[in-house]
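# Working through the structure, step by step
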Amino acid sequence: DVVLTQTPSILSATIGQSVSISCRSSQSLLDSDGNTYLYWFLQRPGQSPQRLIYLVSNLGSGVPNRFSGSGSGTDFTLKISGVEAEDLGVYYCMQATHAPLTFGSGTKLEIK
Amino acid sequence: QVTLKESGPGILQPSQTLSLTCTFSGFSLSTYGMGVGWIRQPSGKGLEWLANIWWDDDKYYNPSLKNRLTISKDTSNNQAFLKITNVDTADTATYYCARIGIYDGTYYPCWGQGTLVTVSS
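Keep in mind the model is a prediction, meaning the values are calculated, not measured.

The strands making up a sheet are joined through hydrogen bonds of the backbone, oriented either antiparallel or parallel. Residues and elements named next belong to chain B. Across the sheet, which stays open at both edges, the four strands sit in the order E1-E3-E8-E7 with antiparallel pairing between neighbours. Strand pairing shows two members of the sheet lacking a second neighbour, strand E1 (3–7) and strand E7 (69–74), which therefore form its edges. Across the sheet, the mean angle separating the axes of adjacent strands is 15 degrees when strand polarity is ignored.

Dropping the structure here:
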């Protein structure tokens, strides 16, 4: 199975600060169809996960543009440009290039 | 507007079969490129993918659960189902269903609220 390693596991930020979360894959996530099936989700406390980013860098519907995704191959990054209070929760990356689909272990964002 | 809602037994005993239902609206599982996936999350832990079913009845399973999983759909009633046989305490989790659609990035743009399943004797 593809292992996704997220760092850091805990992130503490002040309102307005820009932060980044890394997701490194044990295998390249470039699919033979040319797509890279790497996703980012946010799970706020007590809520279901919400998709933020799809196919590495595409912003999900209704997602604020302070969120951005980048990367290729095995290294990917989620950036929040100006953290807001509502951004607290656990962020997960997920890959769907290789079966079975796998998730990273999560990064908890705390607001100072 | 897409909505999904999971339902299940709440509590069941070890060795029993867990039956889950995902009732959805705003899309059809008879439409090309659509699908539903199941994902679970033990309390305080991470997400684990279980299975996907597509409009054409293609099915994919997480091999870590070996042959315990069966995913199916009822297109007419806008429902998807997941069965897990021979449950034990390790299957205690919140179970989510989520939409799949090839026109908007494919995987999981919309999730249900989840249903908590507890396996206990």
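Following the structure, the description resumes.
With that out of the way, let us pick up unusual backbone geometry. A cis geometry characterises the amide bond from Thr7 of chain A onward to Pro8 of chain A, with omega recorded as -5 degrees. Looking at the element boundaries, Pro8 of chain A is found in the loop between strand E1 (4–7) and strand E2 (10–13). Despite not being glycine, Asn78 of chain B shows a phi value in the positive range, around 55 degrees. By the secondary structure assignment, Asn78 of chain B is in the loop between E7 and strand E8 (79–84).

Quick look at the pattern of salt bridges now. Applying the stated rule across the entire model yields nine salt bridges over all chains. Across the salt bridge formed by Glu84 of chain A and Arg66 of chain A, the nearest N and O atoms sit 3.6 Å from each other. Placement of Glu84 of chain A in the loop between strand E8 (75–80) and strand E9 (89–95) and of Arg66 of chain A in the loop between strand E6 (58–59) and strand E7 (67–72) is noted, with a sequence separation of 18 residues between them. Across the salt bridge formed by Lys59 of chain B and Asp57 of chain B, the nearest N and O atoms sit 3.8 Å from each other. Among the ionic contacts, a cluster of salt bridges with common partners joins Arg66, Glu84, Glu86 and Asp87 of chain A.

With that settled, consider the state of the cysteines. Within this structure, the stated rule accounts for two disulfides over all chains. Between the sulfur atoms of Cys23 of chain A and its disulfide partner Cys93 of chain A the distance amounts to 2.1 Å. Taking the sign of the S-S torsion, 80 degrees for the link of Cys23 of chain A and Cys93 of chain A, the bridge is right-handed. Linking Cys23 of chain A in strand E3 (residues 19–25) with Cys93 of chain A in strand E9, this pair joins segments that are 70 residues apart in sequence. Here the two residues Cys23 of chain A and Cys93 of chain A agree in accessibility, since each one is buried. In this model, Cys22 of chain B is linked to Cys97 of chain B through a disulfide, with the two sulfur atoms separated by 2.1 Å. What sets the handedness of the Cys22 of chain B and Cys97 of chain B disulfide is the S-S torsion sign, and at about 70 degrees it is right-handed. Of the two residues, Cys22 of chain B sits in strand E3 (residues 18–25) while Cys97 of chain B sits in strand E9 (residues 93–101), which places them 75 residues apart along the sequence.

Rules used throughout
- Residues numbered from 1 in each chain as written.
- Chains lettered and ligands numbered in written order.
- Predicted model: local features only at pLDDT ≥ 70, side-chain atom pairs only at ≥ 80, totals over all residues.
- Heavy atoms only, no water.
- Pairing = 2+ DSSP bridges.
- Helix = DSSP H or I, 4+ residues; strand = E, 2+ residues; numbered from the N terminus.
- Axes fitted to C-alpha atoms, helices over the stretch in contact; angles between N-to-C directions.
- Salt bridge = Lys/Arg side-chain N within 4 Å of Asp/Glu carboxyl O.
- Disulfide = S-S within 2.5 Å.
- Buried < 20%, exposed > 50% of the residue type's maximum accessible area, 1.4 Å probe, protein only.

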